[in-house]
Amino acid sequence: MFWGQMFKLNKNDRDFVAWNIHKSALLYGEFLLSSGKKSSIYIDKYLFETDWSILGIISQKFCYFMDGITLLACTELGGIALAASAAEKLCKNFVIVRKVKEYGTAKEIEGKFTVDDQVLLIEDIVTTGSQIIKAANILTAAGVKIKRIVTVVDREEGGRKNIEDAGYEFHSLVTMQEILNAIKQG
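The rules behind the values
Residues numbered from 1 in each chain as written. Predicted model: local features only at pLDDT ≥ 70, side-chain atom pairs only at ≥ 80, totals over all residues. Heavy atoms only, no water. Buried < 20%, exposed > 50% of the residue type's maximum accessible area, 1.4 Å probe, protein only. Helix = DSSP H or I, 4+ residues; strand = E, 2+ residues; numbered from the N terminus. Contact = heavy atoms within 4.5 Å. Phe/Tyr/Trp six-rings, centres within 6.5 Å; stacked < 30°, edge-to-face > 60°. Polar contact = N/O pair within 3.5 Å; in protein donor to acceptor, adjacent residues only side chain to side chain. Core = buried A, V, L, I, M, F, W, Y, C linked by side-chain atoms within 4.5 Å. Pairing = 2+ DSSP bridges. Right-handed = clockwise from strand over helix to strand, strands pointing away.

Q: What is the right way to look at unusual backbone geometry in this model?
A: Leaving glycine out, the prevailing phi sign among residues is negative, and the prevailing peptide bond configuration is trans. One non-glycine residue, Cys91, lies in the positive phi region at around 55 degrees. Given a relative accessible area of 70%, Cys91 falls into the exposed group. Located in the positive-phi region is Glu156, a residue other than glycine, with phi close to 60 degrees. On the secondary structure map, Glu156 appears in the loop between strand 7 (145-154) and helix 6 (159-165).

Here it is as structure tokens:
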């Protein structure tokens, strides 16, 4: 990867990710999203995050966003497979932002980090962005610098604007429209 290619996946990369998500994880029906919104189209993130071949394709694309990054971060459950796979490929550690439990260490951030770390915060799917903004704020309060937030899929339902309005740089590997376009190109 040439560092000059940072922050921009070419059309072939985006189409390849979109097609793989379309064929493995796009569902139709009535679904309630974590944002509280209802949708007739759902991307079952666990179908692409648990398929080693698609997970490998996706996690490799995070290399485009690594300029100046010293640490990866994710939110609990959905982002863990993505961050772990990317961390292994990129030889970086990662931390997990999670709900505080009343047992064990009761930490909100699991994993090792320093206040000097420059973080790439990884998310699977962004709708409104509220969950990833909350995680970014927790990490920022702990003293790390969020360099950028990257999601696999931007559902294009206000998340980008909300994240950028919160002061964070935001990128997506693909948008919902690109996934829907993959169906037409099929």
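Text resumes after the structure shown.
Q: What is the right way to look at helix 3 (residues 52-61) in this model?
A: Residues spaced three or four apart along an α-helix face the same direction, because each turn holds 3.6 residues. Of all ten residues making up helix 3, seven are buried, and the element is well covered by its neighbours. For helix 3, the secondary structure elements touched by its buried residues are helix 1 (11-25), helix 2 (45-49), helix 4 (78-90), strand 7 and strand 8 (170-175).

Q: Please clarify how the packing of aromatic side chains should be interpreted in this entry.
A: For any pair of aromatic rings, geometry is given as the distance between the ring centres together with the angle between the planes. Tallying each qualifying case throughout the model produces one aromatic pair. The interplanar angle of 20 degrees and the centroid separation of 4.9 Å between the aromatic rings of Phe31 and Tyr42 together place this pair among those described as stacked. You can see Phe31 sitting in strand 1 (residues 26-32) and its partner Tyr42 sitting in strand 2 (residues 38-43), a full eleven residues away along the chain. Using a relative accessible area of 25% as the deciding quantity, one classes Tyr42 as partly exposed.

Q: How should the environment of Thr128 be read in this particular structure?
A: Among the secondary structure elements, Thr128 is positioned in the loop between strand 6 (118-126) and helix 5 (130-141). The spacing of Thr128 and Arg155 is 27 residues in sequence and 8.4 Å in space, taken between C-alpha atoms. Setting aside anything within four residues of it in sequence, one finds Thr128 in contact with Ser35, Lys37, Glu157, Gly158, Gly159 and Asn162. Within the structure, the side chain of Thr128 is placed 3.4 Å from the side chain of Ser130, a separation counted as a polar contact.

Q: What's the story with the nonpolar core in this structure? I'm lost.
A: Across soluble globular proteins, nonpolar side chains have a tendency to be buried as a group. Membership of the largest hydrophobic core comes to 37 residues, with the highest contact counts inside it found for Ile21, Ile43, Ile58, Phe62, Leu120 and Val152. Excluding residues within four positions of it along the chain, Leu120 makes contact with Phe62, Phe65, Met66, Ile69, Leu71, Leu72, Ala73, Arg148 and Val150. With 20 residues, the next largest nonpolar core counts Val95, Ala135, Ile138 and Ile163 among its residues.

Q: I keep staring at the side chain of Glu49 and nothing clicks. Help me out?
A: With respect to the helices and strands, the residue Glu49 is situated in helix 2. The residues touching Glu49, leaving out its near neighbours within four places in the chain, are Leu55, Gly78, Ala81, Leu82 and Asp124.

Q: What am I meant to see in the pairing of strand 7 here?
A: Among the ten residues in strand 7, eight count as buried, and that is most of the element. In this structure, strand 6 lies alongside strand 7, joined through eight bridges in parallel fashion. Bridge pairing in strand 7 links Val126 to Asp154. One crossover worth recording links strand 6 to the parallel strand 7 by way of helix 5, and it is right-handed. Of the strand pairs in this sheet, strand 7 and strand 8 are connected by five bridges, and their pairing is parallel. Bridged to Asp154 within strand 8 is Thr175. Each parallel crossover has a hand, and for strand 7 linked through helix 6 to strand 8 it is right-handed.

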